[in-house]
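Listed below are the residues making up each chain.
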Amino acid sequence: YAACSYGVQTFTPFDGTVGRLVVTRGVAEVSITDTVSGKSGSAVEDLVAEKIADLTGKPCSSSSCIASDTYVLYMLPPATSLFKSYAALGGVKSVYYDTFGAKLSFQVHEVGHNLGLRHASDEADSNEPSSCDNACEYGDRTGYMGVSYAEMDTPLMCFN
C-alpha cells in the first residue's frame, strides 16, 4: 500500500494487549471451542468475533474490531465450508479460508474492499444494471481489484 500510494497509505502492525488478547506484530491467535466442520465462513466469523469480544471486552462491528483504526484479517481453518475470501466495502474485517489468507493478492484485494475499492470492472453507479458478468468483473489482471492469484508473494502491482 505504501509503495502504490507514494507513502500516503501505510499500515503498522499492532503490538500490545487489548484486554486478554495479546497481539504480536499484528497477529493474534483466537481459539474457539465450537466445532467448525461444515459451517459457513460467516458462521465461523461470528464465533471468532464473539471470542474477540470476550477477550477484549469490545464487540467487533463493521467499523471497529479489537481497537480503533485497525483492520482485522480472519484466517479460518480448513474444516470450514470451502470459500476463498470476502470483505465488506468500507468495513474493517476481511475473512479468508485457510491458506488463501497467506496469499498476497487475496489480502490486498480484500483489504482494498475495506478501503472502499470495488472490483476492477464494477459499474460506478450501482443503480444501473451491470453489463459485466463474473468473468468481466474480475477479468482485469492489471491491478489487485481484478482477479487474485494463487502465488504467495506475487504479483507485485498496484490498484488501477
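Above this text is the structure in question.
So, here's what we can say about the structure. Remember, predicted model here, so these are calculated numbers, not experimental data. (Residues numbered from 1 in each chain as written. Predicted model: local features only at pLDDT ≥ 70, side-chain atom pairs only at ≥ 80, totals over all residues. Heavy atoms only, no water.)

1. A closer look at the side chain of Thr 56
Along the chain, Thr 56 falls in helix H1 (residues 41-56). A residue is classified by how much of its surface remains accessible, and Thr 56, at 9% relative accessible area, is buried. Those residues within four positions of Thr 56 in sequence are excluded, and the remaining contacts are Val 18, Gly 19 and Leu 21. (Helix = DSSP H or I, 4+ residues; strand = E, 2+ residues; numbered from the N terminus. Buried < 20%, exposed > 50% of the residue type's maximum accessible area, 1.4 Å probe, protein only. Contact = heavy atoms within 4.5 Å.)

2. Details of the sheet that holds strand E4 (residues 85-87)
Read across the sheet, three strands follow the order E3-E5-E4 without closing on themselves; strand pairing throughout is mixed. Pairing within the sheet leaves two strands with one partner each, and these edge strands are strand E3 (72-76) and E4. Across the sheet, the mean angle separating the axes of adjacent strands is 15° when strand polarity is ignored. Inspection of the sheet shows E3 paired to strand E5 (residues 93-97) by five bridges, in the parallel sense. Residue pairing for E5: Val 72 is matched across the bridge by Lys 93. With respect to the sheet, helix H2 (residues 104-114) is in contact with E3, E4 and E5, its orientation differing from that of E5 by roughly 150°. (Pairing = 2+ DSSP bridges. Axes fitted to C-alpha atoms, helices over the stretch in contact; angles between N-to-C directions.)

3. Observations regarding the state of the cysteines
The final tally for this structure, using the stated rule, is two disulfides. Covalently, Cys 4 is tied to Cys 158 through a disulfide, its sulfur atoms 2.0 Å apart. On the sign convention where negative is left-handed, the bridge of Cys 4 and Cys 158, at about -90° about the S-S bond, is left-handed. Of the two residues, Cys 4 is situated in the segment before strand E1 (16-18) and Cys 158 in the segment after helix H3 (134-138); the sequence distance between them amounts to 154 residues. Classification of Cys 158 as partly exposed rests on a relative accessible area of 31%. (Disulfide = S-S within 2.5 Å.)

4. What about the nonpolar core?
By size, the foremost hydrophobic cluster in this structure holds 23 residues, and its most contacted members are Val 48, Ile 52, Cys 60, Cys 65, Ile 66, Tyr 74 and Leu 76. Mapped onto this core, the elements with two or more residues apiece are strand E2 (21-23), H1, E3, E5 and H2. Per element, the largest residue contribution to this core is five residues, and it comes from H1. Judged by nonpolar contacts, the second largest core, of five residues, contains Val 108, Tyr 144, Val 147 and Met 157. (Core = buried A, V, L, I, M, F, W, Y, C linked by side-chain atoms within 4.5 Å.)

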